[in-house]
Each structure stands twice: as structure tokens, then as C-alpha cells.
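This is what each chain is made of:
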Amino acid sequence: MLFAAAAAGASYGQGPAHPAMPDIGTQLAEVESDLAIARANLQDLTRQKARVDAEIESLTTRRGSAQERLHNRARALYRMSQAGMLPVSGGFGVLLSHLSRVDRLKRIVHRDLEAIASLRLRGQALAQETARLANSIAQADTEVTRLTERKDAIGEQHLAAQLYDEALSHPYTVPAIPLDGPITGGIRVREAAPHGARFP
């Protein structure tokens, strides 16, 4: 009986009250806030990775230059070391000057080796960092996609609720059936005939 009454009321514009639903406006505001945070996080991670990648590119150039300097200085040190005692012919002062240059060049080569080792370690750290950021960016992008889809779904729910409310605010009425003229005649009430009997 209750179902039939509800169905009849709905047919004639007196349907059941709007079904209980969560506050769509609140849900939409929350998901938009979360989406804004997720997008900001994605942009920040993307900027961080861009800086790391730029440093990696710069580091590659610096390592190449350092290795070239080391190569040239190592060759010069080798040639000077091979000279041996030849500067003795120029006197003791020339020999001391030669030994001083060799010692200075050895220190420079040593510093070049340390610099290249430091650049190598920095490169390894940057490679790990850019890999970590790439993984974080993928996760952040997935979160943005999820929240965007959630926002769209809530928007569709909101539209459906609006259409439901509009349908209830414009009740459906049964149109009148046009007649060609007035209805004439009467109504006769008779007792029911026994089973199998025929009306006259």
C-alpha cells in the first residue's frame, strides 16, 4: 500500500521527498581543496626535478672539463718528471726551480683528481634524486587524476540532484480528455446475477 501510494504521488507531482544524500557542496569544496594541493605538489616536484636535471647537465660539462685539464696536466707532469737531472746543467738554481714546478704541478694534479672524484659522487647523488623525484611525480600525477575524476563524479551527482528537484517542482498533471458534447444517460445499479445467469 505504501509503495503504491508513493508511486501514485510521484506520478501526479506529489512524489516522495528528495532521498537523503551527503552535502554535495561540501564534498565538492573538499575535493577541490585536495585537488589544488595535489596540483601544487605536482608542480613543485616538477620544478625540483627540472633543477636537478639542469644540475646534472651542468655537472656533466664540468666533469668533462676537469678530466681534460687533468689529462693535460698529467702529461705535462710526466714530461717534467722524465727530464730527471737535465736542469742541473743550468745550475743549482735552475734545478731548484724545476723541482718546485714539478711539486706544484703534482699538487694541482692531486686537486684535479679530488675534484673529479667529488663530481662523480655528486653525479651519483643527483641520479638517485632525479629517480626519486620521477617516482614522486608519477604518484602525484596519479593523485591529480584520481581527484579530477572524483570532482567530475560529484559534479554529475550535483547535476542529477538538480534535475530531480526541478522535476518535483513542476508536478505532472493528467491532461483533460476533450469531449464532443455533454455526457448523457444514467447509471443503473442491479443486484449481481447468479453464476451462469444471463442479463436480460
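Residues numbered from 1 in each chain as written. Predicted model: local features only at pLDDT ≥ 70, side-chain atom pairs only at ≥ 80, totals over all residues. Heavy atoms only, no water.

**Quick look at the overall build of the protein**
Scanning the protein from N- to C-terminus turns up 3 helices and 0 strands. Along the chain direction, N to C, the helices and strands of the protein fall in the order α-α-α. Long-range contacts, defined as pairs at least 24 residues apart, comprise 83% of the intrachain contacts of the protein with a sequence gap of at least 6. (Helix = DSSP H or I, 4+ residues; strand = E, 2+ residues; numbered from the N terminus. Contact = heavy atoms within 4.5 Å.)

**Section: the pattern of salt bridges**
Summed over all chains, the structure comprises 8 salt bridges. Between R73 and D112 there is a salt bridge, with its nearest N and O atoms 2.9 Å apart. A residue pair is termed long-range when its members are at least 10 positions apart, and R73 in helix α2 (residues 24–82) and D112 in helix α3 (residues 92–169) qualify at 39 residues. Judged by relative accessible area, R73 falls into the partly exposed class, the value being 29%. Salt-bridge contacts for R146 lead to E143; the nearest nitrogen and oxygen are separated by 2.8 Å. (Salt bridge = Lys/Arg side-chain N within 4 Å of Asp/Glu carboxyl O. Buried < 20%, exposed > 50% of the residue type's maximum accessible area, 1.4 Å probe, protein only.)

**Some points on the side chain of T130**
Counting through the fold element by element, T130 comes out in helix α3. In terms of polar contacts, T130 uses its side chain to reach the side chain of K49, at 3.5 Å. (Polar contact = N/O pair within 3.5 Å; in protein donor to acceptor, adjacent residues only side chain to side chain.)

**Things to note about the confidence of the model for the protein**
When the pLDDT values of the protein are averaged, the result is 77; 68% of them are 70 or greater. Per-element confidence in the protein ranges from a low mean pLDDT of 40 for helix α1 (residues 2–11) to a high of 91 for α2. Counting interchain partners and residues more than four positions distant, the pLDDT-below-50 stretch residues 1–21 has 18 contacts. (pLDDT = per-residue confidence, 0-100.)

**Some words on α2**
Here α2 spans 85 Å end to end across 59 residues, near enough to the 87 Å set by a 1.5 Å rise per residue. Taken as a whole, α2 has its buried residues at I24, Q27, V31, L35, A38, L42, L45, V52, L59, A66, L70 and L77. (Expected span 1.5 Å × (residues − 1).)

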